[in-house]
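Commentary on secondary and tertiary structure
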Amino acid sequence: MNRANEISEKVISNYQKDEGMMIIIYAQWCVNNGLDPKAVYLKAYPDQENNEYVMHMLEQTVSKEEAEDIANETLLQVLSIFGNEDLAFIVSKEIDALEEKKNDRT
């Protein structure tokens, strides 16, 4: 294998790792906010129900009690970095609904 191919494979591998981290951050944010990560994801990407990689990454969360807090703005920035605008739009709607629910309780 030549050097250019090695570099290309390394870049692709790093991107996939970073993308996996983005999915885990998103999924953990959902768990922390009492949302089902798969259900919310499928609102943005209904045709990706059979995407094994994404579905596997969505399962890599811990309980809310074990997790660090993930700010809404942080999640939206991470999604934006990866050009994940469809999911960011759905997450924004979920944030609005969560805030509305919180305001109704007070």
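An account of the accompanying structure is given in this report. (Residues numbered from 1 in each chain as written. Predicted model: local features only at pLDDT ≥ 70, side-chain atom pairs only at ≥ 80, totals over all residues. Heavy atoms only, no water.)

As for the overall build of the chain
The test is simple: Helix and strand definitions follow DSSP, with helices as H or I runs of at least four residues and strands as E runs of at least two, each counted in order from the N terminus. Under the scheme applied here, a residue whose accessible area is under 20% of the maximum for its type counts as buried, over 50% as exposed, and between as partly exposed, the area being computed with a 1.4 Å probe on protein chains only. By definition, residues are in contact when any of their heavy atoms lie within 4.5 Å. Only the protein chains shown count as covering a residue, and every accessible area follows the Shrake-Rupley method with a 1.4 Å probe. Charge assignment: positive for Lys and Arg, negative for Asp and Glu; neither His nor the chain ends contribute. To locate a charge, take atom NZ for lysine, CZ for arginine, CG for aspartate or CD for glutamate.
Secondary structure summary: the chain contains 5 helices and 0 strands in total. With respect to the three principal axes, the spread of C-alpha positions in the chain is 65 × 30 × 25 Å. The 106 residues of the chain split such that 29% are buried. Restricting the contact set of the chain to residue pairs at least 6 apart, pairs at least 24 apart contribute 67%. Of the roughly 7,300 Å² of accessible surface on the chain, 49% is carried by carbon and sulfur atoms. The averaged location of the 21 negative side-chain charges in the chain is 2 Å from the averaged location of its 10 positive side-chain charges.

Focus on the pattern of salt bridges
Formally: Each salt bridge in this description consists of a side-chain nitrogen of Lys or Arg and a carboxyl oxygen of Asp or Glu lying within 4 Å of one another.
Enumeration according to the criterion identifies 2 salt bridges in this entry. Measuring nitrogen to oxygen at the nearest pair gives 2.8 Å for the salt bridge that ties Lys38 to Glu59. Taken together, the residues span a long stretch of sequence, with Lys38 in helix α2 (residues 37-44) and Glu59 in the loop between α3 (52-58) and α4 (72-81) at a distance of 21 residues. The class for Lys38 is partly exposed, based on a relative accessible area of 29%.

Quick notes on the environment of Lys38
Sequence spacing of Lys38 and Val54 is 16 residues, and the spatial spacing of their C-alpha atoms is 9.1 Å. Residues contacting Lys38, with those up to four places away along its chain left out, are Met55, Leu58 and Glu59.

A word on the side chain of Gln28
Along the polypeptide, Gln28 turns up in helix α1 (residues 3-32). Residue classification places Gln28 among the buried residues on the basis of a relative accessible area of 8%. Once you skip the residues sitting within four places of it in the chain, Gln28 turns out to touch Thr61, Val62, Ser63, Ala67 and Ile70.

A closer look at the packing of α4 against helix α5 (residues 85-105)
The cut-off we apply is this: To get an axis, fit a line to the C-alpha atoms, keeping to the stretch in contact for a helix; angles then go from 0 to 180 degrees between the N-to-C directions. Our angle categories are set so that under 35 degrees counts as roughly parallel, over 145 as roughly antiparallel, 65 to 115 as roughly perpendicular, and the remainder as oblique. Less than a right angle of anticlockwise turn of the near helix away from the far helix marks a crossing as left-handed, whereas a clockwise turn marks it as right-handed. Gly is put with the polar residues, along with every residue not named as nonpolar or charged; the nonpolar set is Ala, Val, Leu, Ile, Met, Phe, Trp, Tyr, Cys and Pro, and the charged set is Asp, Glu, Lys and Arg.
Between α4 and α5, the least distance of the axes is 9 Å, while the angle of their chain directions is 165°. Between α4 and α5, the interaxial angle falls into the category roughly antiparallel. Of the two elements, α4 crosses α5, and the hand of that crossing is left-handed. Contacts between α4 and α5 involve Asn72, Leu75, Leu76, Leu79 and Ser80 from the first element and Glu85, Leu87, Ala88, Val91, Ser92, Ile95 and Glu99 from the second. Among the residues forming the contact of α4 with α5, the class breakdown is 7 nonpolar, 3 polar and 2 charged.

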